[in-house]
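Each chain, written out:
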Amino acid sequence: MKRQQRHIIHRLNQWRMQKISNRNFMVLLAVVVGVVGGLAAAALKGLTHSIAAFLQDDLQWQYKIYLYLFFPLIGILLSVLYIRRFIKKGTFEHGMTPIIYAISRKSSRIQVHNVYSQIITSALTVGFGGSAGLEAPIAYSGSAIGANVGRFFGLNYREVTMLLACGAAAGIAGAFNSPVAGMIFAIEILLPEFSIPAFIPLLMAAATASVVSKLIYSEPLFHLVTDDWEFQALFFYLLLAVLIGLFSIYFAKVSVWVKSAFARIKNPYQKVWVSGLSLGLLIFLFPSLYGEGYIAIQQILDGRTDSLLANSIFADYRHLGGLVMVYALVTVFAKSLASLITLNSGGNGGVFGPSLVMGGLLGFAFSYGINLTGLIDLNVANFVVAGMAGALSGIMHAPLTGIFLIAEITGGYALMVPLMLVTAISYLINRTILKYSIYTKVLAEQGDLLTHEDKDRTVLSMMKLRYVLERNFTILRPDERPADRRYDIIHTKRNIFPVVDPEGKLLGIIYSERLFEILLGENPEKKDYTMRELAEKPADIIQMDANMEAVMQKMNREDIWILPVVDAEGNYMGFVSKSAVFNKYRALLMRQATYLE
């Protein structure tokens, strides 16, 4: 059956290559990916908001407020049960990091189940109150759509990677109805280098997804047309940028701490109980933490500044301006903790949405607090919008995405200058302290990140020693003499021989020149020497688990062209040479150089 399918696909590819140019075919596939990605985005938004609406509005019960303590637990539990029950043969991951890893290390392969499993689990998690965003899951789902469409048609790595990025752009564009931001997101996060032709498929995919999603689920994320910014508020925009930059560093540090804390809990159901009850308590104290949190931002943008406290236990004090400001500020830090608990406990979501909410609340608390002093009357809505863009820029290292996403979804093009300043300063502060974003930090530490700032180091980190290991060497035994192996020594194509004992341990090496001298009678006194006696210690020995950067450092330090490789027990495995490394390096470099042409 599979052979027949491959034959049909092969015939189809032959036909399309004769009738359609490769460039036009990529644009056509980008449109297809955009349509499917837009449908997926609409499905995810519709399913999530239907669940949330049922629990919040349709479910009528006198003591319903106490169920909020358990809704997040139920959502995360259902997500974990789905993963353990229905994804047995594959692996399930969430967030943008696995997508970046797939591009760097897995030839842009993403398992098919992510097309639907990301939608189901994130809808359950967020719909039941998990404090996370839907953007990372829909970007993951879109990436899976694009990657598998490319694999289906037998496209190469460069083309599959492009369609993967088209899928992610389609997901973001469909989720926010913002095609420009979707395209820029794909470029900033997934395609570290790009050429002008890359814009066309990305534009087509993002625009198509936005149209499809809007046709099916037309409700906009925010309702706002911002006012123009005032020059006397410029200093406060700069001050807000600094505060958000520092907060983005705090968030990155806390994310590492929360991740390590949950990693120590081995039982997945124990994680569910700990996280579910913790989230329930946080949401009980801060109702705006429920789900994505965009409703709270919209209420603030509408001028209802006391809405944060309206449904909380502090509702009777919502007329106190100072309390509103402090409560909003505390909610920012509560949101950071709640989102990280959701994501590290088995729930599915992303930090994209929480970044917007945290930035918006921080912008609100800052501007509202300044207004309370009477020094100046700041436009609170403008600072909320600028805060959203700044947080996205600092936390995700995506300043252009922050600018154009916020401008598109809020109508804030009049704020372009403040948006540019806030995003740039926030990004620079975070980047000065933290070289990598929360998406790329783990990959960079593991050597799995494809970057272009240090291309040599990146390409070496992509290599595995086992792929450049050479094994076609003539092995000599310690008790043998040169005359015993005359034929093998003379006819070998290698100039170095490993001496290995019967247990497989490497005892040393012998160069062919030394053996030829003995066989030709130039060193008659050593003709009866054994290989053990003739062997010499190599300049260095490479361990099988060594990374290629360390291997090249050893070779350059010793100025040697070839070194033996052993495993952890000292057993001979083969040799690694600069020739093999350079050949592999050239292949990987060509792959990097062309994957976005």
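Residues numbered from 1 in each chain as written. Predicted model: local features only at pLDDT ≥ 70, side-chain atom pairs only at ≥ 80, totals over all residues. Heavy atoms only, no water.

(A) Up close: the pattern of salt bridges. Evaluated as defined, the whole model comprises six salt bridges. A salt bridge links Asp302 to Arg304, with the nearest nitrogen and oxygen atoms 3.6 Å apart. The exposure class assigned to Asp302 is partly exposed, which follows from its relative accessible area of 43%. The partner of Asp540 in a salt bridge is Lys554, and the shortest N-O contact between them spans 3.7 Å. Placement of the pair is Asp540 in the loop between α25 (531-534) and β3 (542-543) and Lys554 in helix α26 (residues 548-558), with a sequence separation of 14 residues. The exposure class assigned to Asp540 is buried, which follows from its relative accessible area of 19%. (Salt bridge = Lys/Arg side-chain N within 4 Å of Asp/Glu carboxyl O. Buried < 20%, exposed > 50% of the residue type's maximum accessible area, 1.4 Å probe, protein only. Helix = DSSP H or I, 4+ residues; strand = E, 2+ residues; numbered from the N terminus.)

(B) Layout of the sheet that holds strand β5 (residues 572-577). Taken in spatial order, the three strands make up an open sheet running β3-β4-β5, and their pairing is mixed. Two strands close off the open sheet at either side, each with one partner strand: β3 and β5. Bridging between strand β4 (residues 562-566) and β5 involves five bridges; their strand directions are antiparallel. Following the sheet pairing, Val566 is matched in β5 by Tyr572. Where α26 meets the sheet, its contacts fall on β3, β4 and β5, and the angle it forms with β5 comes to roughly 70°. (Pairing = 2+ DSSP bridges. Contact = heavy atoms within 4.5 Å. Axes fitted to C-alpha atoms, helices over the stretch in contact; angles between N-to-C directions.)

(C) Spatial organisation of the pairing of β5. Counting buried residues in β5 gives five out of six residues, a clear majority hidden from the surface. Here β4 folds back onto β5, and the loop between the two strands holds five residues, one of which, Gly570, carries a positive phi near 85°.

(D) Layout of the environment of Arg494. Relative to the elements of secondary structure, Arg494 occurs in the loop between α23 (486-491) and β1 (496-500). Along the primary structure Arg494 and Tyr511 are separated by 17 residues, whereas in three dimensions their C-alpha atoms are 9.1 Å apart.

(E) Broad picture of the confidence of the model for the protein. For the protein, mean pLDDT is 82; residues scoring 70 or higher make up 87% of the total. Of all secondary-structure elements in the protein, the lowest mean pLDDT belongs to helix α21 (residues 455-462), at 59, while β1 reaches the highest, 92. Note that residues 593-597 has pLDDT below 50 and, in this model, 18 contacts with residues that lie over four places away or in other chains. (pLDDT = per-residue confidence, 0-100.)

(F) Molecular detail of a nonpolar patch on the surface. A grouping of Leu28, Val32, Val35, Val36, Leu39, Val211, Leu215 and Ile216 is seen on the molecular surface, where their side chains present a nonpolar patch of about 680 Å² in accessible area. Listed by contribution, the elements that provide at least two residues to the nonpolar patch are α2 (22-58) and α10 (199-216). Ranked by the residues each element gives to the nonpolar patch, the list is headed by α2, at five residues. Positionally, Val32 belongs in helix α2. (Patch = residues over 30% accessible without salt bridge, like charges linked within 9 Å, V, L, I, M, F, W, Y side chains within 5 Å. Areas by Shrake-Rupley, 256 points an atom, 1.4 Å probe, with all protein chains shown as cover.)

(G) How the structure looks around the packing of helix α8 (residues 157-176) against helix α9 (residues 179-190). The geometry of α8 relative to α9 is characterised by a closest axis approach of 7 Å and an angle of 135° between their N-to-C directions. If you check the angle between α8 and α9, you find them oblique. Where α8 crosses over α9, the handedness of that crossing is right-handed. Contacts from Leu164, Ala165, Ala168, Ala169, Ile172 and Ala173 in α8 reach Pro179, Gly182, Met183, Phe185, Ala186 and Leu190 in α9. (Parallel < 35°, antiparallel > 145°, perpendicular 65-115°, else oblique. Left-handed = near helix turned anticlockwise from the far one by under 90°.)

(H) Spatial organisation of unusual backbone geometry. Positive phi values are uncommon outside glycine, yet His397 reaches one of about 55°. Among the structural elements, His397 can be located in the loop between α17 (380-396) and α18 (399-410).

(I) Just the side chain of Glu470, in detail. Locating Glu470 in the fold gives a position in the loop between α22 (465-468) and α23. If we ignore the near neighbours within four places in the chain, the residues touching Glu470 are Arg494, Gly574, Phe575, Val576, Ser577 and Ala580.

(J) Focus on the environment of Ala206. On the secondary structure map, Ala206 appears in helix α10. Separated by 33 residues in sequence, Ala206 and Ala173 have C-alpha atoms that sit 5.4 Å apart. With sequence-adjacent residues up to four places away left out, Ala206 is seen in contact with Ala169, Ala170, Ala173, Pro179 and Met183.

(K) View of the packing of aromatic side chains. Summed over the entire model, instances satisfying the criterion amount to 15 aromatic pairs. With a centroid separation of 5.5 Å and 35° between ring planes, the pair formed by Phe176 and Phe352 is classed as tilted. Note that Phe176 is positioned in helix α8 and Phe352 in helix α16 (residues 352-373), a separation of 176 residues in sequence. Grouping residues by exposure puts Phe176 and Phe352 together as buried. With centroids separated by 5.5 Å and ring planes inclined at 75°, the aromatic side chains of Phe235 and Phe236 adopt a geometry described as edge-to-face. On the basis of relative accessibility, which here comes to 13%, the residue Phe236 falls in the buried class. Over the face of the ring belonging to Phe86 we find Arg85, whose NZ or CZ atom lies 5.3 Å from the ring centre. (Phe/Tyr/Trp six-rings, centres within 6.5 Å; stacked < 30°, edge-to-face > 60°. Lys NZ or Arg CZ within 6 Å of the ring centre and 35° of its normal.)

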